[in-house]
Amino acid sequence: LSQAFSVAGGALYTIQVNYDFITNEFPSQSVDDIFRARVSSPSGVITPLGQETRLTSTFQTSSEANSALGFSASNPHGRTGFKQVITQWVPETSGTATLSFDVFDRGDTIFDSAALVDAASVAQDPPLYFLRRGDSLVRTGTGPVLRLQNAAQTFDSLMVVCCDGRATL
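Counting restarts for each chain: residues are numbered from 1 in the order of the written sequence. For a predicted model such as this one, the threshold for reporting local features is a pLDDT of at least 70, and the threshold for listing and counting side-chain atom pairs is 80 or more; totals across whole chains, interfaces and linings nevertheless cover every residue. Computation of side-chain values covers all heavy atoms of the structure but excludes hydrogens and water.

### Notes on the overall build of the protein chain
Going along the chain from the N terminus, every DSSP run of H or I of four or more residues is numbered as a helix, and every run of E of two or more is numbered as a strand. Of the regular secondary structure elements, the protein chain holds zero helices and 15 strands. Radius of gyration: over C-alpha atoms. The globule rule applied is 2.2 Å multiplied by the number of residues raised to the 0.38 power. Computed over its C-alpha atoms, the radius of gyration of the protein chain comes to 21 Å, more than 25% above the 15 Å expected for a compact globule of 169 residues. Dimensions of the protein chain along its principal axes, counting C-alpha atoms only, are 65 × 35 × 25 Å. With 169 residues in all, the protein chain has 36% of them scored as buried. Of the contacts made within the protein chain by residues no fewer than 6 positions apart, 77% connect residues no fewer than 24 positions apart. Burial classes: relative accessible area under 20% of the type maximum marks a residue as buried, over 50% as exposed, and values in between as partly exposed (1.4 Å probe, protein chains only). Working rule for contacts: check all heavy atoms of both residues, and any pair within 4.5 Å makes them a contact.

Next up, the structure:
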């Protein structure tokens, strides 16, 4: 499952996704099924957002019926429970990026796995001060970086330093 979207190089984006990995490999199988959530930049750089594997993730035993689009969970099966990923991401170039989710078997094709994906979003989230590669902020005084008096201002972050930027306060 994937969705392409446009991005501006060097801009800050907040990516959020909720997922639940469900597998029929659990609890007795020793082969590995994998779920991955990733974002690919316009230049092809892949940033992992989340990953679950049958052999390394923590599962809860479930007998709850799950069936959709040809997938049916057998009894009992395992599920990770919904997990939320929120991360900030900066693509290096402008163009088309891709948010993708995949589930695949490693070692067999007998037992199925699936993922429920909910509330996936990518939003540009500019902070008031954004320091990137080559940017540097040095303050030697003791005054605040921002002083508001009788003025309202809305932003998620006052300052974000990433991608080899530097701030000395």
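### Section: the environment of Met159
Summarising the element assignment, Met159 is placed in strand β14 (residues 159–161). Sequence spacing of Met159 and Leu131 is 28 residues, and the spatial spacing of their C-alpha atoms is 7.7 Å. Sequence-distant contacts of Met159, that is, excluding residues within four places in its chain, are made with Tyr129, Leu131, Leu137, Val145 and Ala167.

### Digging into the side chain of Ser100
Relative to the helices and strands, Ser100 resides in strand β10 (residues 95–106). By relative accessible area, which is 15% here, Ser100 ends up buried. Non-local contacts of Ser100, meaning those with residues more than four positions away in its chain, are made with Leu1, Ser2, Arg36, Ala37 and Arg38.

### Structural notes on the sheet that holds strand β4 (residues 46–53)
Taken together, four strands build an open sheet; the order of strands is β1-β10-β3-β4 and the sheet is antiparallel. Strand pairing shows two members of the sheet lacking a second neighbour, β1 (2–7) and β4, which therefore form its edges. The sheet shows a mean angle of 15 degrees between the axes of neighbouring strands, direction not considered. By the bridge criterion, six bridges tie β1 to β10 in an arrangement that is antiparallel. Two strands pair if DSSP finds at least two bridges between them. Axes here refer to lines fitted to C-alpha atoms; in helices the fit is confined to the stretch in contact. Angles between the N-to-C directions go from 0 to 180 degrees.

### Focus: the confidence of the model for the protein chain
Detailed reading of predicted coordinates is not advised where the pLDDT is low. pLDDT is defined as a per-residue confidence score from the predictor, taking values between 0 and 100. Looking at the protein chain as a whole, its pLDDT mean stands at 88, while 95% of the residues score no less than 70. Ranking the elements of the protein chain by mean pLDDT puts strand β6 (residues 67–68) last with 68 and β1 first with 97.

### Focus: the packing of aromatic side chains
Each aromatic pair joins two rings of Phe, Tyr and Trp (for Trp, the six-membered one) with centres within 6.5 Å, and gets the label stacked for planes under 30 degrees apart, edge-to-face for over 60, and tilted for any other angle. Counted according to the given criterion, the structure contains five aromatic pairs. Taking the centre distance of 6.4 Å and the plane angle of 70 degrees together, the rings of Phe5 and Trp89 count as edge-to-face. Highlighted residues: Phe5 in strand β1 and Trp89 in strand β9 (residues 83–89), separated in sequence by 84 residues. Look at Phe5 and you get buried, because its relative accessible area is 17%. Relative accessible area serves as the criterion here: at 6%, Trp89 is assigned to the buried category. Their ring planes at 50 degrees and their centres at 6.1 Å tell us that Tyr13 and Trp89 sit as a pair that is tilted.

### Structural notes on a nonpolar patch on the surface
A residue counts toward a patch only above 30% relative accessible area and without a salt bridge, and it is joined to like-charged neighbours within 9 Å or, for Val, Leu, Ile, Met, Phe, Trp and Tyr, to nonpolar neighbours within 5 Å. In this description, accessible areas are obtained by the Shrake-Rupley approach with a 1.4 Å probe, and a residue is regarded as covered only by the protein chains that are shown. Salt bridges are defined as contacts in which a side-chain nitrogen from Lys or Arg sits within 4 Å of a carboxyl oxygen from Asp or Glu. A cluster of nonpolar side chains, namely Leu128, Tyr129 and Leu158, defines an oily patch on the protein surface of about 210 Å² accessible area. Checked against the element boundaries, Leu128 lands in the loop between β11 (113–124) and β12 (129–131). When its relative accessible area of 31% is taken as the criterion, Leu128 is described as partly exposed.

### Focus: the nonpolar core
Throughout, nonpolar core names a set of buried Ala, Val, Leu, Ile, Met, Phe, Trp, Tyr and Cys residues whose side chains join them through atoms within 4.5 Å. The biggest cluster of nonpolar side chains holds 19 residues, and the ones touching the most others in it are Phe5, Val39, Leu49, Trp89 and Leu99. Those elements giving two or more residues to this core turn out to be β1, β2 (13–23), β3 (32–40), β9 and β10. Once you skip the residues sitting within four places of it in the chain, Trp89 turns out to touch Phe5, Val7, Ala11, Leu12, Tyr13, Ile15, Val39, Ser40, Ser41, Thr47 and Ala97. With five residues, the next largest nonpolar core counts Leu12, Phe130, Val160 and Cys162 among its residues.

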